[in-house]
Amino acid sequence: MTDVLTGQAAVDQLLEVLDLAPTGATSFRGISPPVGPQRVYGGQVAGQALVAAGRTVVPERFVHSLHGYFVRPGDPNEPIDYQVENVRDGRSFSVRRSVAYQHEKPIFFMSASFQHREEGLDHQAPTPPDVPVPQDVPTMTDRLARYPERLGIWAMIPRPIDVRYVGEPGWVRPGDRPPDPHQRVWMRIDGKLPDDPLLHACALTYASDLTLLDSVLSVHGEVWGPGGVVGASLDHALWFHRPFRADEWFLYDCWSPSASGGRGLATGRMFTTDGGHIASAVQEGLLRRVEG
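Rules used in this analysis
Residues numbered from 1 in each chain as written. Predicted model: local features only at pLDDT ≥ 70, side-chain atom pairs only at ≥ 80, totals over all residues. Heavy atoms only, no water. Salt bridge = Lys/Arg side-chain N within 4 Å of Asp/Glu carboxyl O. Helix = DSSP H or I, 4+ residues; strand = E, 2+ residues; numbered from the N terminus. Buried < 20%, exposed > 50% of the residue type's maximum accessible area, 1.4 Å probe, protein only. UniProt positions renumbered as here; feature names shortened; annotations may be inferred. Core = buried A, V, L, I, M, F, W, Y, C linked by side-chain atoms within 4.5 Å. Contact = heavy atoms within 4.5 Å.

Chemist: Please set out the pattern of salt bridges residue by residue, giving values where relevant.
Modeler: Under the counting rule described, the total for this entry stands at 16 salt bridges. A salt bridge links Asp19 to Arg55, with the nearest nitrogen and oxygen atoms 2.8 Å apart. Linking Asp19 in the loop between helix 1 (7-18) and strand 1 (21-22) with Arg55 in the loop between helix 2 (42-54) and strand 3 (61-70), this pair joins segments that are 36 residues apart in sequence. Judged by relative accessible area, which is 52%, Asp19 ranks as exposed. Residue classification places Arg55 among the partly exposed residues on the basis of a relative accessible area of 37%. Between Arg146 and Glu168 there is a salt bridge whose closest N-O contact spans 3.8 Å.

Laid out in structure tokens, this is it:
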């Protein structure tokens, strides 16, 4: 595991992935990392789609919500073309539709809304109680060392995000994960990001797909892979509530209100270390059992 790209080097590679090349006034092209899973990671295509949409909006308007559907698996060996439709520019809001294509077929589409910052009512639900600080939670390297046989591709792909599970993650051995109604994970981009708020929103979008669906398995003490479950994201929604930096620690508090029909619904809230509720996410995924 010593060859895995981590820290600022991995973050710089993520920034390259999010830095789309313009191919027209409202069209862009993105690439995938040189080493990755067999399918394009969902958080990557969602983050890139938001980059494309955001580049067609004046910077004074910040993204406040996005809703996306994964319709085909992406090929990491092929570039991804993004087409952005200007749905509306109003006095306070701008709405964009961003579609990702490979081989001239859509693999993902997203609607995103941007708002001119305003003042108004302000409240939030309390943060989860009794959660240890990130410095007191095992690192990903510490946890992976216990399960070398479960690594697979994850032993090679870059890790631009420092992920620290408060409870047991979903990639442990079958039987090693006690049921837990919540999955809580500390995260941060593992390096320094530029100050561009759109880039931090895209980085948070990238991170939001990493562990959310795993909360469905957590309810049952289930795990990913042989002897457990395989899954795929079907749709993903994210709301941004307050200003934040994705390169500072945030708690991702996830749980699943329902699972049925081979699908699981997961929802999550993101909090800064001082308790600010910065974002909320909802995702549904396809879940199927596999033999050991």
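Moving on from the coordinates now.
Chemist: Requested: an account of the UniProt feature "domain: Acyl-CoA thioesterase-like N-terminal HotDog" (unreviewed entry) in the chain, with residues and values cited.
Modeler: Per the UniProt record, the feature "domain: Acyl-CoA thioesterase-like N-terminal HotDog" (unreviewed entry) sits at residues 35-115. End C-alpha atoms of residues 35-115 are separated by 36 Å, and the span's content is 16% helix alongside 51% strand.

Chemist: Just give me the short version of unusual backbone geometry, but keep the residues and values in it.
Modeler: Despite not being glycine, His103 shows a phi value in the positive range, around 55°. For His103, the position within the fold is in the loop between strand 5 (93-102) and strand 6 (105-116). In this structure His103 comes out as exposed when scored by relative accessible area, which is 59%. Of note, Asp130 is a non-glycine position whose phi angle comes to about 60°, a positive value. In this fold, Asp130 is placed in the loop between strand 6 and helix 3 (140-144). Look at Asp130 and you get exposed, because its relative accessible area is 78%.

Chemist: Report on the nonpolar core, specifying residues and quantitative values.
Modeler: Within the largest apolar cluster, 68 residues are counted, with the highest numbers of intra-cluster contacts made by Val45, Leu50, Tyr82, Phe108 and Phe240. When near neighbours in sequence (up to four residues on either side) are disregarded, Val45 contacts Val40, Phe70, Ile80, Tyr82, Ala100, Ile107 and Phe108. Listed in part, the five residues of the second largest apolar core include Val137, Trp186, Trp249 and Phe271.

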